[in-house]
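Structural overview
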Amino acid sequence: MNAAQLPPVAPEVAATLVEGLSPRLRKRLDAAVSKLGNRPAHRDGDTVTIEVDDDTELRLHAPGGVVATADSVTCGCLLAPACVHRAAAACAAPTAGLSPEPAGRPTEGAPQPASATKPAPAPGAHPAHPSDTAHTAGSTAPALDSPATPEAATPAQRAAAEALWSAGAAVLDAGVDGAGAVTQSALLRAAHTARIRHLPRAASAALSVVTLLRAARAGDPSYRTADLVTALAELLGTAHRLGRATGAELAAARGRARRPYSPDGSLRLYGLFTEPVVTDSGHGGVRTWVAGSDGRLFTVGDVAPGGVGRALGVADRAVRLGDSALTHRELGRTGLAVAGATVSPDGRLGAGKGVKAVTARGAAWTEPPLAALWETPPSEQAARALRSVSRYADPDAGGGDLLFLDVELLGAVREASGTSLLALCGGGTAVRLTAADDDPALAHRDNLLLLATAPGTRLRIIGRLVAALHPRLTLLACSHPTGEGTVDLGLDRLRRADLPDPAAPVRLAPPQPGESDAHSPLYLLERRVEQTVPAGRAALGMLGGVTAEARRIRRAGLPTAAGLLTALRASAAQRERDPFGRLLPADTDGFAACWLAAARYTAAVSESLCAAAWEPAREGPAAL
């Protein structure tokens, strides 16, 4: 049995079942979760049955697809309902309330925590979820938000925020290895309380932490420590703000429970490109990008379970929008006239019954209105995109992660992670272009390597910003090297005959300055922030002193980073004793505050350095 076979369980159900266990059974809960994962399970309608042993069955009843009450989990053992099996099943199952898609593979852009809900005004809306296909034009159900934004959080909301902070601090103190089912249940209870107190952003952040903790403890190959760092910092940061924010800042900290589609009248749309979407959770499909006559970007997606095979097949299926018979590939190169359009805050077009769409003339990338997308200086585009890909962006911060550049290809460059394509864009900035996905079934990698054999070629490209200390994009689409048409680099395969004649051999340059962490001592602080998450506060406290590291950071002109590193290490190692010499409980709140400050600081500095790297070179081309 694996977690995917079990129906999602509401957070409050899992928390209730764990809280109902005796202290003795709580100690056995993690072992019970592991043992249950090795037992066979089968589904019959809305019920999933797990064979605990030869004589005992455990049932999870999920009408509507979600286990919504504790009574929906039943066990046939002699100790039921006070047995450990019911709680173990609830802890092993996915948590209801999350998107079915965790952080995606490179085709999905920069990884984000599942709690992130970022709108994407033009240009460059955020990647869509697999739920793209489930939204309809009429889905304008009100959110759980209060009708009016209060000037300050209510006492109940502050109490919910404090519970979230305490639960998050406990995870940070224990680390992944110590944050078992009991610790997770405290987070689930806090998330449920936050949700009913109209704090959807914080509740979603808590559920993201639980999901990532489970992935880490299960050895999920898609798990990354950096994702859990981001999710924990989002949870702690949001909980901290809720107790102090007012007005618009409070509204941002509270978030929105739903992102309904709203009417947008008639739209004249022009196709840009289509990209494959593949996620680590096994979803696959495509997303087609179109632009309005006013320059706003919109997406039409079709993503569902199926992986890379589905992504390739869906590209040639009809777009689910009005009466249009266009396929996604065709829409990416032609136009559409839409009446009764509905649009979500992140730019997704609704596909309800009231939407009417007919095929219309498209526009070349060099023609209005599309040509205007390439007229904004690269540095301004990068600054806008950073507001979108920021690890801790507010939901209403705006921005978009796509960049539209005119470049001259310089050739391949060897990097620690593989080979990328070096290009020169406006202002003399050298940018590294990387494949959006390395899956051989997709065309990204082969196309990038082929383009690397044509130095001197000038192209108009579309890429997704990667927040790095040097200009970097994942390459999504480009003008055809012959000058006729465009290329969807994940779906269309270039051939040598498409390149300028003759094609030059690939020349690999050595690793470029700026790639090594040695040029950015900020990584010394980032490393300590990440080390805390797997092993917890105590492990960080047992590490050696950080005096030499702090001195090196200070010499690089980052005194704040040096101070944060020193404070983090001191807080991890600090343990007070009572008058009788007994150790007092560790100050988990103080340590969490130090860790949060360090995590947010490193993210802010990294993003600032990324924005600076896109500024035009003052004298000649940027360093290659």
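Everything below is about the structure printed above this text.
Quick caveat: nothing in here was measured; it's all calculated off a predicted structure. (Residues numbered from 1 in each chain as written. Predicted model: local features only at pLDDT ≥ 70, side-chain atom pairs only at ≥ 80, totals over all residues. Heavy atoms only, no water.)

A separate point is the packing of aromatic side chains. Overall, the coordinates contain 3 aromatic pairs when judged by the stated rule. An angle of 10° between the planes, with centres 6.1 Å apart, marks the rings of Phe-273 and Trp-289 as stacked. In this pair, Phe-273 sits in strand β5 (residues 262-278) while Trp-289 sits in strand β6 (residues 283-292), placing the two residues 16 residues apart along the sequence. The exposure class assigned to Phe-273 is buried, which follows from its relative accessible area of 0%. Site record: aromatic cluster; members linked through ring pairs are Trp-365, Trp-374 and Phe-404. (Phe/Tyr/Trp six-rings, centres within 6.5 Å; stacked < 30°, edge-to-face > 60°. Helix = DSSP H or I, 4+ residues; strand = E, 2+ residues; numbered from the N terminus. Buried < 20%, exposed > 50% of the residue type's maximum accessible area, 1.4 Å probe, protein only.)

Helix-helix packing is described using two parameters, namely the angle between the two axes and the distance between the axes. One way to put it is that helix α5 (residues 155-178) packs onto helix α6 (residues 181-196) with a least axis distance of 9 Å and a crossing angle of 155°. Judged on the interaxial angle alone, α6 and α5 are roughly antiparallel. Considering the relative orientation of α5 and α6, their crossing is left-handed. Side by side, α5 and α6 meet where Ala-160, Ala-163, Leu-164, Ala-167, Gly-168, Val-171 and Gly-178 of the first sit next to Thr-183, Ala-186, Leu-187, Ala-190, Ala-191, Thr-193 and Ala-194 of the second. (Axes fitted to C-alpha atoms, helices over the stretch in contact; angles between N-to-C directions. Parallel < 35°, antiparallel > 145°, perpendicular 65-115°, else oblique. Left-handed = near helix turned anticlockwise from the far one by under 90°. Contact = heavy atoms within 4.5 Å.)

Another aspect to go through is unusual backbone geometry. Following Ala-80, the chain continues into Pro-81 via a peptide bond in cis, with omega recorded as 5°. Within the fold, Pro-81 resides in the loop between β4 (73-75) and α4 (84-92). In this chain, Pro-368 is followed by Pro-369 through a cis amide linkage whose omega measures 5°. Within the secondary structure, Pro-369 sits in the loop between β9 (356-360) and α12 (378-389).

So, about a positive patch on the surface. On the surface, Arg-551, Arg-552, Arg-554 and Arg-555 cluster together into a positively charged patch. In this fold, Arg-555 is placed in helix α16 (residues 547-555). (Patch = residues over 30% accessible without salt bridge, like charges linked within 9 Å, V, L, I, M, F, W, Y side chains within 5 Å. Areas by Shrake-Rupley, 256 points an atom, 1.4 Å probe, with all protein chains shown as cover. Salt bridge = Lys/Arg side-chain N within 4 Å of Asp/Glu carboxyl O. Lys, Arg positive; Asp, Glu negative; His and termini not counted. Charge placed at Lys NZ, Arg CZ, Asp CG, Glu CD.)

The next subject is the packing of α5 against helix α8 (residues 225-242). Between α5 and α8, the least distance of the axes is 8 Å, while the angle of their chain directions is 150°. Here α8 runs roughly antiparallel to α5, going by the angle between their axes. Once α5 is placed against α8, the crossing between them reads as left-handed. Counting all contacts with α5, which are made through Arg-158, Ala-161, Leu-164, Trp-165, Gly-168, Ala-169, Val-171, Leu-172 and Val-176, the residues of α8 involved are Leu-228, Leu-232, Leu-235, Leu-236, Ala-239, His-240 and Leu-242. Split by residue class, the contact of α5 with α8 holds 13 nonpolar, 2 polar and 1 charged. (Nonpolar A, V, L, I, M, F, W, Y, C, P; charged D, E, K, R; others polar.)

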